[in-house]
Amino acid sequence: MSHVIGIDLGGSKIALGLVNPRDEIIARRRIDTESEAGLGSVIERIAVEIEALQAGRRVDAVGIGAPGPVDHVSGDLLTLVNLPGISNSPFRRALQERISLPVALDHDAKVAALGEFHFGAGSGRESMIYIVIGTGVGAAIIYQGRLIYGESNSAGESGHMTVDPNGHRCHCGSRGCLETYTSGPALAKHYTAATGEAISGAEVGKRALDDDEIARALLRAAGRALGVAIASLAMTLNIELFVIGGGVVQAGDLLLDAARSSLKDYAFPAVSARIQVRASTMGEDAPILGAAWLARRQLTGDF
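Since the structure is predicted, the reported quantities are computational estimates derived from the model, not experimental observations.

Calculation criteria
- Residue numbers restart at each chain and count upward from 1, following the sequence in its written direction.
- Local features are withheld for residues below a pLDDT of 70 in this predicted model, meaning they are given only at 70 or higher, and side-chain atom pairs are given and counted only at 80 or more; totals for whole chains, interfaces and linings count all residues.
- As a convention, hydrogens and water are excluded, and side-chain values are obtained from all of the structure's heavy atoms.
- Between any two strands, at least two bridges found by DSSP are needed for them to pair.
- Starting at the N terminus, helices and strands are each numbered in turn, a helix being any DSSP run of H or I of at least four residues and a strand any DSSP run of E of at least two.
- For every element, the axis is a line fit to its C-alpha atoms; helices are fit only across the contacting stretch, and the angle between N-to-C directions ranges from 0 to 180 degrees.
- Contact definition: two residues touch when any of their heavy atoms are within 4.5 Å.
- Partly exposed residues are those whose accessible area sits between 20% and 50% of the maximum for their type, while under 20% is buried and over 50% is exposed, using a 1.4 Å probe and protein chains only.

**Q** Outline the sheet that holds strand 9 (residues 137-143), supporting the account with residue identities and numerical values.
**A** The sheet built from five strands is open, its strands ordered 10-9-8-11-12 with mixed pairing. A strand with exactly one partner marks an edge of an open sheet, and here the two such strands are strand 10 (146-148) and strand 12 (276-279). Adjacent strand axes in the sheet meet at a mean angle of 25 degrees, parallel and antiparallel pairs treated alike. Here strand 9 pairs with strand 10 via three bridges, running antiparallel. Among the inter-strand pairings, I141 is bridged to a residue of strand 10, identified as I148.

Written as structure tokens, this is what we have:
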């Protein structure tokens, strides 16, 4: 195998990693996204970082995890609310033409899931569902080693599963979505409503670990909602390993134990007894290694 480069394209930053044939990240670069400068500017700055990472080594392909929605077949970015400067653009083709290397591109949640599945908490398993909780909630389904996309490429929108039909109103227009309980902005909103103090979702998590009882109650409620979603997914798909990633998972067992307890109330005992809920082990390396894995498959055509 050869060296490849994995890229995590985010709303505010772009992280790049050079990955050797042993699937180790041996060099890293990080730049601001600055999407408002437009597609050409973002492509050019990524190309410069790729050239710096090569440093005389042979690199055979590049993989990218990008915020959705994306068309993973064409490599186009679709309507990106948080990245208007590169929204609706032929991103993969533009980068491929600039660097003259094969490029693979997919949704960032799916790419991070590939990293966890092959190198982290899902290693050695045949199937896994990855749920990432941050500003929003996304998921990726891996069944017998392959990503499941669904008929119109929308499989994995678990953030908008209804966990309480009488619950909080969601920005998507529905009510009681998982995202309205677990996302960082939702936690911040509920904390402000309870205390009058405006803090971030990350700070809610920190205060929960510091025994702030209001913050702890919000994390437990988030965990219970997560458990309802996990139970529904497990009953539908009969996949037994759930890996939870994203910033909110730093609350650890306060969140995950509530999910483990809750899912038992919403799944058959024979199903719930086999479900494992684990925290991500790869952290920020998951999307880079997942993108690198995708890059290698771009060379072989084996997805």
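**Q** Pulling in residues and values, what's your account of the sheet that holds strand 1 (residues 3-9)?
**A** Strands sit in the order 3-2-1-4-7 across an open sheet of five strands; the sheet is mixed. Edge positions in the open sheet fall to strand 3 (25-32) and strand 7 (103-107), since each of these has one partner strand only. Sheet twist, expressed as the mean angle between neighbouring strand axes with direction ignored, is 15 degrees. Here helix 1 (residues 39-54) sits on the sheet in contact with strand 1, strand 2 (13-19), strand 3 and strand 4 (59-66), set at roughly 155 degrees to strand 3. Strands in contact with helix 3 (residues 108-119) are strand 4 and strand 7; relative to strand 7, the strand with the most contacts, it is inclined by about 105 degrees.

**Q** An account of the side chain of S127 is needed here, citing residue identities and associated values.
**A** Here S127 is to be found in the loop between helix 3 and strand 8 (128-133). In this structure S127 touches F117, I142, Y143, Q144, I239 and L241, once residues within four positions along its chain are discounted.

**Q** Tell me about the environment of P90, and please be specific about residues and values.
**A** With respect to the element layout, P90 can be found in the loop between strand 6 (76-77) and helix 2 (91-99). Look at P90 and you get partly exposed, because its relative accessible area is 26%. Expressed as a C-alpha distance, the spacing of P90 and D71, which sit 19 residues apart in the sequence, is 9.6 Å. P90 has contacts with L39, G75 and D76, leaving out every residue within four places of it along the chain.

**Q** Mind laying out the pairing of strand 2, listing which residues take part and the relevant values?
**A** Of all seven residues making up strand 2, seven are buried, and the element is well covered by its neighbours. Residues K13, A15, G17 and V19 of strand 2 are buried on one face, and the alternating residues I14, L16 and L18, pointing to the opposite face, are buried as well. By the bridge criterion, six bridges tie strand 1 to strand 2 in an arrangement that is antiparallel. From the neighbouring strand, D8 faces strand 2, where its bridge partner is A15. Taken together, strand 1 and the strand that follows it, strand 2, pair antiparallel across an intervening segment of three residues. In the sheet, strand 2 pairs with strand 3 via seven bridges, with the strands oriented antiparallel. Across the sheet, L18 pairs through a bridge with A27, a residue of strand 3. The antiparallel pairing of strand 2 with strand 3 creates a hairpin that spans five residues between the two strands, and D23 there sits at a positive phi of about 60 degrees.

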